[in-house]
Amino acid sequence: MTPPNGRRPGAVGDGRDERSTRRADRHVFRASRAVLAARDGRPRIADIAYIAYAGLLVTLIVGAPLVRFAVLGLIEPDAASVVASTRAGVASVVAALLVLLVALGGRVRGPVVPRPAAVQFLADSPLPRRLTLRRPFIGSLLALVGLSVLGAGVLGLSRLLIPGERSVVSAGASTTSALIIGIAGPTEPGAVVAFLVGTVGFALMLGVVWLLGQRGSRRVVASIAVIAAGTGLLGMVVPIALLVTPWGWSGLLWTMLVGGPEAFVISQALSGSGSFSLFAVGSGWFATAGPAPTLWWPAVAALLVGIAALLLVPRSLDGLRSAALLDQARRWQRVGMLLQSGDAAGAIGGLRTRPTRGRRIQLSLDGPFWLVVLRRTLVGARRTAGRVLLGSIVLLACGLGVGLSLGLPDGVRWMLAVPTAFLAYLAVGVWCDAVRHGVDSAGTPTLYGRSPLALVLAGAVAPLGAAVVFGGAGALVGALASAAPGGMGLLVPVWWWLLLAVWIVVLRVFDAAKGPLPIGLLMPVPTPFGDASSANVLLWQSDAVLLALLVGGGLTALLPVATGAAVVVLLVMLLIVGSIGFARLQKLSRPA
């Protein structure tokens with residue numbers, strides 16, 4: 001029988017027991033952390049003060065100039081016009097891609113990656129994991145929110161500092177050019193604040209999606225990726241879809257931030273205030289608009305969704321499996337040790353997924369040797385389908401980026417060309433396992449009766465073919481989107497990408513044939529600022545990456561200005577780097 005107050009008998013006692021249990025768990029947890037701290041050695045006050053002092057110096061000496069450089073670069077007219085031309089649908093797709101990448105990245109490195117000792121000592125204890133794993137998640141979440149707010153703050157500050165006066169805009173042109181017209185003075189401060197608030201909410205949601213990607217099964221991660229990609233692309237085709245998704249709200253806030261005619265169209269359509277007229281004259285559309293009111297509801301909605309998503313964190317932390325936690329903890333501890341020792345190649349190799357399928361695929365050994373190696377590479381690609389699919393998609397996007405960058409103004413072309421060259425270098429690596437195998441065979445008894453050079457050349461067929469096919473298709477689409485149809489201008493991005501594909505594959509061979517780190521680079525180099533030996537190791541490890549950025553990205557930015565010079569320099573660099581790579585391979589092939 002229920003008592004008059006409506007409470008079950010013992011309900012109060014149960015609540016007290018639950019609170020006392022939680023209090024006891026927190027007490028045991030603090031004692032456990034004290035044991036781990038005593039085992040690892042407690043940092044002294046002087047050590048903590050030194051770390052804080054060093055972090056402050058790095059922020060002031062390195063961080064502040066970088067932020068200033070980014071803000072001043074975004075204020076330039078060419079960069080400002082490109083930023084203003086980015087529509088809400090495009091910004092929504094970018095935000096949806098971030099959700100997709102974070103969900104997939106959680107399976108490789110989630111937000112909760114404590115030390116292996118902490119996993120075995122705390123996560124496997126009877127204490128609830130929402131208590132023992134809470135601190136690593138909060139640290140990762142704060143880092144993600146901080147980086148997101150920093151990027152949004154740089155964009156917002158640049159829009160506030162744009163020269164000019166806030167005024168009525170009258171734009172008359174075709175429909176397409178009316179949407180990419182320049183800025184009518186600086187952005188309203190309210191739009192910047194709304195963008196920052198929305199960024200905080202979106203970053204909180206990203207942190208939870210990151211955790212779900214670490215905890216969830218492949219089906220859950222695939223569902224998140226499909227929903228994000230599908231609704232993000234839908235927002236480009238059907239603008240009303242921007243009203244119902246968090247990444248759509250980010251697109252609306254982005255439009256309010258950058259201004260332009262689209263901001264007036266969206267704000268007036270959603271707020272119903274102000275004066276706006278859109279009418280046709282002849283064959284073109286003309287827009288006349290006053291200052292666009294700031295939309296606050298997308299920012300508030302994104303913040304509420306982010307806060308509501310945090311309610312999923314306790315159950316998600318409890319659902320993390322010990323085996324997966326320990327595997328990630330050990331993997332990233334090993335990667336950190338390899339990076340500290342200067343073995344970047346070994347660290348990247350430790351991040352590769354283990355093949356779990358395709359062991360019974362029959363491999364035909366008929367035909368030319370290069371065809372046999374190509375078949376073997378394709379079989380290996382089927383065994384790590386996710387890794388190869390991601391690399392191929394990135395190659396397609398890089399080709400698209402090259403095609404689009406050649407249609408950008410001179411002052412901002414490098415902003416797309418340089419990252420595209422870097423990503424293309426990374427993406428080709430998923431097809432270069434046969435190249436690395438050929439280099440590893442140098443100095444050992446020959447396999448299949450073939451020299452290491454023959455193995456490397458045969459292994460280079462797959463990455464070169466993948467770069468040409470996937471990247472070439474993207475470059476063609478980018479050329480169609482950025483250049484006028486017809487004429488030689490349409491073919492320039494395609495044949496330039498073909499040259500870049502050869503350059504990137506040669507760089508991969510050049511990097512793979514590097515061999516082990518020379519012991520002489522680890523010798524101390526005393527300077528007035530301390531030991532500089534780490535700089536030698538860093539330069540030795542990153543020579544191929546720097547060449548991809550400086551040569552591949554730099555010449556792509558130079559191509560529309562000096563086509564002949566860019567082609568000649570790239571061919572000369574191909575000859576030089578190819579010769580050095582061949583010499584490295586010959587040196588490795590000599591018996592010790």
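Refer to the structure presented above.
Keep in mind it's a predicted model, so treat the numbers as computed, not measured.

Enquirer: Explain the overall build of the chain here, please?
Expert: Across its full length, the chain carries 26 helices and 5 strands. Taking all contacts inside the chain whose residues are at least 6 apart in sequence as the whole, residues at least 24 apart take part in 78%. Carbon together with sulfur atoms contributes 69% to the accessible area of the chain, which is approximately 31,500 Å² in total.

Enquirer: Please explain the pattern of salt bridges as it appears in this structure.
Expert: Close approach of charged atoms allows side chains of opposite charge to pair. Using the criterion set out here, one finds 6 salt bridges in the structure. Where Asp 511 meets Lys 514, a salt bridge forms, and the shortest distance between an N and an O atom there is 2.9 Å. For Lys 514, a relative accessible area of 13% puts it in the buried group. Of the charged contacts in the structure, one is a salt bridge between Arg 584 and Asp 543, with a shortest N-O distance of 3.4 Å. Separated by 41 residues along the polypeptide, Arg 584 in helix H26 (residues 563-589) and Asp 543 in helix H25 (residues 543-558) bring together distant segments of the chain. Residue classification places Arg 584 among the buried residues on the basis of a relative accessible area of 19%. Shared partners join several salt bridges into a network, and the residues in it are Asp 511, Lys 514, Asp 543 and Arg 584.

Enquirer: Looking at this model, I keep getting lost on the nonpolar core. Mind explaining?
Expert: Looking at soluble globular proteins, one finds that nonpolar side chains tend to be buried together. Residues Trp 496, Trp 497, Trp 503 and Leu 507 are the most contacted members of the largest nonpolar core, which totals 46 residues. Broken down by secondary-structure element, the contributors of at least two residues to this core are helix H17 (369-383), helix H18 (385-405), helix H19 (413-428), helix H20 (433-440), helix H22 (461-482), helix H23 (492-512), H25 and H26. The dominant element in this core, judged by the number of residues it contributes, is H23, at 10 residues. Excluding its chain neighbours within four sequence positions, the residues that come into contact with Trp 497 are Leu 395, Cys 398, Gly 399, Val 402, Ala 424, Ala 467, Val 468, Gly 471, Gly 472 and Ala 475. By size, the runner-up hydrophobic cluster in this structure holds 18 residues, among which are Val 119, Leu 133, Ala 203 and Leu 320.

Enquirer: I'm lost on the packing of H17 against helix H21 (residues 452-459) in this one. Help?
Expert: Any two packed helices are characterised by how steeply their axes cross, that is the angle between the axes, and by the distance between the axes. Contact geometry for H17 and H21: axes closest at 8 Å, N-to-C directions at 60°. It follows that H17 is oblique to H21 by the angle criterion. Here the hand of the crossing between H17 and H21 comes out right-handed. Contact residues: Phe 369, Trp 370 and Val 373 in H17; Ala 454, Leu 455, Ala 458 and Gly 459 in H21. Its residues placed into classes, the contact of H17 with H21 shows 6 nonpolar, 1 polar and no charged.

Enquirer: How should a nonpolar patch on the surface be read in this particular structure?
Expert: On the surface, a nonpolar cluster with roughly 1,100 Å² of combined accessible area is contributed by Tyr 50, Ile 51, Tyr 53, Leu 56, Leu 57, Val 58, Leu 60, Ile 61, Val 62 and Leu 66. When you line up the elements, Leu 66 lands in helix H2 (residues 45-75). On the accessibility criterion, Leu 66 (53% relative accessible area) is exposed.

Enquirer: How should I be thinking about helix H7 (residues 134-160) in this particular structure?
Expert: One turn of an α-helix holds 3.6 residues; hence residues three or four places apart share an orientation. Given a rise of 1.5 Å per residue, 27 residues ought to cover 39 Å, and the 38 Å separating the end C-alpha atoms of H7 matches this to within 8%. By the burial criterion, the buried members of H7 are Phe 137, Ser 140, Leu 141, Leu 144, Val 145, Ala 152, Val 154, Gly 156, Ser 158 and Arg 159. For H7, the elements touching its buried residues are H2, helix H3 (77-85), helix H9 (189-215), helix H11 (246-258) and helix H14 (313-318).

Enquirer: Sorry, what's going on with a positive patch on the surface here?
Expert: Where like charges cluster on the molecular surface, the positive patch consists of Arg 107, Arg 215, Arg 218, Arg 315 and Arg 321. Note that Arg 218 resides in helix H10 (residues 218-237). On the basis of relative accessible area, Arg 218 is assigned to the exposed category, the value being 55%.

Enquirer: Can you help me understand the packing of aromatic side chains in this one?
Expert: Each pair of aromatic rings is reported with the distance of its centres and the angle of its planes. In this structure the tally under the stated criterion is 3 aromatic pairs. A centroid spacing of 6.5 Å and a plane angle of 40° characterise the contact between Phe 69 and Trp 414, whose relative ring orientation is tilted. Separated by 345 residues along the polypeptide, Phe 69 in helix H2 and Trp 414 in helix H19 bring together distant segments of the chain. According to the relative accessible area criterion, Phe 69 is exposed, its value standing at 55%. What makes Trp 414 partly exposed here is its relative accessible area of 38%. For the pair Trp 495 and Trp 496, a centre-to-centre distance of 6.4 Å together with 80° between the ring planes defines the contact as edge-to-face.

Scoring rules and cut-offs
- Residues numbered from 1 in each chain as written.
- Predicted model: local features only at pLDDT ≥ 70, side-chain atom pairs only at ≥ 80, totals over all residues.
- Heavy atoms only, no water.
- Helix = DSSP H or I, 4+ residues; strand = E, 2+ residues; numbered from the N terminus.
- Contact = heavy atoms within 4.5 Å.
- Areas by Shrake-Rupley, 256 points an atom, 1.4 Å probe, with all protein chains shown as cover.
- Salt bridge = Lys/Arg side-chain N within 4 Å of Asp/Glu carboxyl O.
- Buried < 20%, exposed > 50% of the residue type's maximum accessible area, 1.4 Å probe, protein only.
- Core = buried A, V, L, I, M, F, W, Y, C linked by side-chain atoms within 4.5 Å.
- Axes fitted to C-alpha atoms, helices over the stretch in contact; angles between N-to-C directions.
- Parallel < 35°, antiparallel > 145°, perpendicular 65-115°, else oblique.
- Left-handed = near helix turned anticlockwise from the far one by under 90°.
- Nonpolar A, V, L, I, M, F, W, Y, C, P; charged D, E, K, R; others polar.
- Patch = residues over 30% accessible without salt bridge, like charges linked within 9 Å, V, L, I, M, F, W, Y side chains within 5 Å.
- Expected span 1.5 Å × (residues − 1).
- Lys, Arg positive; Asp, Glu negative; His and termini not counted.
- Charge placed at Lys NZ, Arg CZ, Asp CG, Glu CD.
- Phe/Tyr/Trp six-rings, centres within 6.5 Å; stacked < 30°, edge-to-face > 60°.

Remember, this is a structural readout, not a statement about activity or role.
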